[in-house]
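Now for the letters of each chain:
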Amino acid sequence: MTTFPKDPADAARWMRAERNKRGWSTIALANYARAIAEREGSSQKLTQQSVSGFEQGAAKRMPEWFRYVTMAFEEGAPPAHQETSRRDELIYIRQVDIRYAMGDGASIDDYPSATLIPFNLGFVKQLTRAPVEKLFLASGIGNSMEPTLLKDDLVLVDTTETRSSFGDLIWAFEYAGAGYIKRLARVIHEGKEMIEIISDNPSIPSRLADPEFIHIVGKVIWIARSM
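Keep in mind that this is a model prediction, so the values were computed, not measured.

Caption draft 1: Looking closely at the packing of helix α2 (residues 26–39) against helix α3 (residues 48–55). Their axes nearest at 8 Å, the elements α2 and α3 cross at an angle of 115°. Once α2 is placed against α3, the crossing between them reads as right-handed. Where α2 approaches α3, its residues Thr 26, Ile 27, Leu 29 and Ala 30 are matched on the opposing element by Gln 48, Val 51, Ser 52 and Glu 55. Here the residues of the contact of α2 with α3 are counted per class, giving 4 nonpolar, 3 polar and 1 charged.

Next comes the structure, spelled out in structure tokens:
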């Protein structure tokens, strides 16, 4: 497995060194990585300008397409005129800080990023059909969702799932200037439809919110217990 720095500036230097080691131009690396992204079902638009710009070291966060660059380094240049089958190995999912609310319409890229976490592609495909760039990892916050979700547990969020029928599920959402991971339910209160924000911790009461002020980021599809 390829290892790489987590700091964008260090990662840019690493990527340039790995590219030069193989004798690849920025155009070749962009082409190889873009082909892998398309193979894996991603809609990422990776260009030579993307690679060159990142190598200049001005990026403040790791780009979503970086995972496909690492896969290109792992796999090497593909044989001419030969297609490769989808690999059932590693993908990289961004871990973000959900505590920062980014507002309605914000993308995953807008969230403060911690690192890229490797996952088995086959495992992720059992959980969701969403493209990898539509997924992110976040950490549990506080004790409001105990015992279901403990502080520092990791949750995998699918941002293609924002349907209004919440059911007995856990959601990542934004409300009142902050990000939350809790259960949601639609209720009628005093003749008006409201959203009930539910904590699994019985010591923390539920509260009602106007649907207009809640932005659903995505559905929690997997929880990893912290050690």
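Structure's up, so let's keep going.
Caption draft 2: Here's a closer look at the nonpolar core. Core analysis: the largest hydrophobic core is formed by 34 residues, its most contacted members being Met 15, Leu 29, Phe 54, Phe 66 and Ile 93. Contributions of two or more residues to this core are made by α1 (8–22), α2, α3, α4 (66–75), β1 (90–96), β2 (113–120), α5 (121–127) and β3 (135–139).

Caption draft 3: Looking closely at the environment of Trp 171. Structurally, the position occupied by Trp 171 is in strand β5 (residues 170–175). Taking the C-alpha atoms as reference points, Trp 171 and Asp 158, separated by 13 residues in sequence, lie 9.4 Å from one another.

Caption draft 4: Spatial organisation of the packing of aromatic side chains. Under the counting rule described, the total for this entry stands at 9 aromatic pairs. An angle of 50° between the planes, with centres 6.0 Å apart, marks the rings of Trp 14 and Phe 66 as tilted. Pair noted here: Trp 14 is in helix α1 and Phe 66 is in helix α4, with a separation of 52 residues, a long-range link. Taken together, the aromatic side chains of Trp 14, Trp 24, Tyr 32, Phe 54, Trp 65, Phe 66 and Phe 73 make up a single cluster linked through ring pairs. A cation over an aromatic ring shows up here: Arg 22 above the ring of Trp 24, its NZ or CZ 5.8 Å from the ring centre.

Criteria and thresholds
- Residues numbered from 1 in each chain as written.
- Predicted model: local features only at pLDDT ≥ 70, side-chain atom pairs only at ≥ 80, totals over all residues.
- Heavy atoms only, no water.
- Axes fitted to C-alpha atoms, helices over the stretch in contact; angles between N-to-C directions.
- Helix = DSSP H or I, 4+ residues; strand = E, 2+ residues; numbered from the N terminus.
- Left-handed = near helix turned anticlockwise from the far one by under 90°.
- Contact = heavy atoms within 4.5 Å.
- Nonpolar A, V, L, I, M, F, W, Y, C, P; charged D, E, K, R; others polar.
- Core = buried A, V, L, I, M, F, W, Y, C linked by side-chain atoms within 4.5 Å.
- Buried < 20%, exposed > 50% of the residue type's maximum accessible area, 1.4 Å probe, protein only.
- Phe/Tyr/Trp six-rings, centres within 6.5 Å; stacked < 30°, edge-to-face > 60°.
- Lys NZ or Arg CZ within 6 Å of the ring centre and 35° of its normal.

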